[in-house]
Amino acid sequence: MPDHLPRRQVLRTAGALGLGAAAAGALTSTADATTHAGGRPDRLAAMGEHHGKLDIRKDPFGTTPDGQAVDVYTFTNGRVTISMLTWGATIQRVETPDRRGRTTNISLGFDNLPDYAALSPYFGATIGRYGNRIAKGRFTLDGTTYQIPINNGENALHGGTIGFDKKVWKAKVVKSDKAVGVAFTYVSPDGEMGFPGELTSTVTYTLDRRDNLRIDYHATVAGKPTIINLTNHVYFNLLGEGNGTIYDHVLELNAAKYTPVDVNLIPTGEIAPVAGTPFDFNRPTAIGARLRGDHQQLVFGRGYDHNFVIAGHPDHDGMRLAGRFWEPEHGRTIEVHTDQPGVQFYSGNFLDGTFLGIGNKAYRQGDAFAFETQHFPDSPNHPNFPSTVLRPGETYKSTTIYSFGTK
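Looking up the chain in an unreviewed UniProt entry gives the name Aldose 1-epimerase, with the organism given as Kribbella pratensis. For the chain, the Subcellular location (unreviewed entry) comment in UniProt is given as "Cytoplasm". Quoted verbatim from the Catalytic activity (unreviewed entry) heading of the UniProt record, the comment on the chain is "alpha-D-glucose = beta-D-glucose".

## Side note on the overall build of the chain
Helix and strand counts for the chain stand at five helices and 30 strands. Relative to its 407 residues, the chain shows a buried fraction of 59%. When the accessible surface of the chain is summed, it comes to about 15,200 Å², and 51% of that surface belongs to carbon and sulfur atoms.

## Brief notes about the packing of aromatic side chains
According to the stated counting rule, one finds 28 aromatic pairs in the structure shown. Ring geometry for F236 against F369: centres 5.9 Å apart, planes inclined by 45°, an arrangement best described as tilted. Of the two residues, F236 sits in strand β17 (residues 235-236) while F369 sits in strand β28 (residues 369-374), which places them 133 residues apart along the sequence. Note on accessibility: F236 and F369 belong to one class, buried. With a centroid separation of 6.4 Å and 65° between ring planes, the pair formed by F345 and F371 is classed as edge-to-face. Taken together, the residues span a long stretch of sequence, with F345 in strand β25 (residues 342-346) and F371 in strand β28 at a distance of 26 residues.

## Observations concerning the sheet that holds strand β21 (residues 285-286)
Strand order across the open sheet formed by nine strands is β11-β12-β13-β14-β30-β24-β23-β18-β21, with antiparallel pairing between neighbours. At either end of the open sheet lies a strand with only one pairing partner, and these are β11 (170-175) and β21.

## Some details on the UniProt feature "binding site: beta-D-galactose" (unreviewed entry) in the chain
In the numbering used here, UniProt assigns the "binding site: beta-D-galactose" (unreviewed entry) feature to N132, R133, H233, V234, Y235 and D305. Its location among the elements puts H233 in the loop between β16 (231-232) and β17. When its relative accessible area of 0% is taken as the criterion, H233 is described as buried. Judged by its relative accessible area of 2%, V234 falls in the buried class.

## Side note on the layout of surface pockets
Counted as a void, the second largest pocket has a volume near 180 Å³. Lining the second largest pocket are 14 residues, and of these R324, F325, W326, T333 and K407 sit closest to its centre. Within the residue set of the lining of the second largest pocket, elements represented by two or more residues are β18 (250-253), β23 (320-326), β24 (332-338) and β30 (396-406). Grouping the constituent residues of the lining of the second largest pocket by class yields seven nonpolar, three polar and four charged.

## Focus on the environment of D165
Relative to the assigned elements, D165 resides in the loop between β10 (156-157) and β11. For D165, a relative accessible area of 6% puts it in the buried group. Along the primary structure D165 and W87 are separated by 78 residues, whereas in three dimensions their C-alpha atoms are 7.0 Å apart. For D165, the side chain forms a polar contact with the side chain of K166, separated by 2.7 Å.

## So, the pairing of β25
Within β25, five of the five residues are buried, leaving the element largely enclosed by the surrounding structure. Alternating residues of β25 divide into G342, Q344 and Y346 and V343 and F345, and every residue in both groups is buried. As judged from the five bridges shared by strand β22 (residues 305-310) and β25, these two strands associate in the antiparallel manner. In the strand pairing of β25, H306 is matched with F345. Sheet analysis places β25 next to β28, joined by five bridges and oriented antiparallel. Bridge pairing links Q344 to E372 in β28.

Criteria and cut-off values
- Residues numbered from 1 in each chain as written.
- Predicted model: local features only at pLDDT ≥ 70, side-chain atom pairs only at ≥ 80, totals over all residues.
- Heavy atoms only, no water.
- UniProt positions renumbered as here; feature names shortened; annotations may be inferred.
- Helix = DSSP H or I, 4+ residues; strand = E, 2+ residues; numbered from the N terminus.
- Buried < 20%, exposed > 50% of the residue type's maximum accessible area, 1.4 Å probe, protein only.
- Areas by Shrake-Rupley, 256 points an atom, 1.4 Å probe, with all protein chains shown as cover.
- Phe/Tyr/Trp six-rings, centres within 6.5 Å; stacked < 30°, edge-to-face > 60°.
- Pairing = 2+ DSSP bridges.
- 1 Å grid on protein atoms, 1.4 Å probe; cavity = no way out; pocket = protein on both sides within 12 Å on 5 of 7 lines; lining within 4 Å.
- Points joined across faces, edges and corners; volume = space filled by probe spheres on them.
- Nonpolar A, V, L, I, M, F, W, Y, C, P; charged D, E, K, R; others polar.
- Polar contact = N/O pair within 3.5 Å; in protein donor to acceptor, adjacent residues only side chain to side chain.

Now the structure itself:
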């Protein structure tokens, strides 16, 4: 999703963590001695040697200033390899082959904990309690008004100044004969970031033998009702992270409507047709084909940074196709299915070259896209949007699947 915090604003967030420029440097990175300069342990190669073999391992990644250990879990099916951190339940790396079998990392991230803590614009993070924006950080539930710390102009973004992306999650290995991965759990106390109720969230990431990365979200609240909109904010570039723009990537987006925004990127409440606009990707179209047009919505977002209303009828599992991406040069593809009503398509408009990612590659405007399945932004303030209220005794469940391939 839109997730362009200016560097100075991100540093203010770091300050709220006790991680100002000096303090952030005090974070210790403890990747083991067998790690490449780009942050990829040598043993990854060994894990991928046996095609179709499901495997997982845990390594230390760093320590927070208050002494919490952060680990990296790396799991593979012998072809696709995923690395995830307990910091923010974050996808750090996604390694997939191209049509010639050459494997590279296609997700943006860092190779050290200090950069994640002080600088990351949500690279690969699990987002909560509320993904996307809430206008002025304020909403009313059952007659009580709640205030979330603002961190995106005058609005709250991705759960406020210290969201779930900046928490150390508990992790448990999940492995069967069909899939392997990690279940991450975080308990958010009543009142954290202004949200009511004690929320217990478990997000399970599993990779199966068919190159599907499945994300299962599960949450319950105790004491008071709350609002919830969990998602993941992985940034992809199918050329390989840091290897150019995504403007030639071809997108097919299964949406007949989208939610226009105002100048602050808050939905106006309208649900508008995409037909006849640069937002119509129902036929496969290069992301950059209409990106520089003068449509007012593109001007507001500096490109695509909008919620799309997913079309079609759910299958027997409640899932619908959200979109397909294809990079023609090397042939990598991603297909996304979800049971959520919307998806935020973000074309990396606010990457500005100030972030040096894995392998010391600078991430610049248009160097990645995010495709965040979700409920609509600012839903608590728009009665015509699907509800995001979760009450005690209810269970929040959601599933999104990223399928990797080539053509």
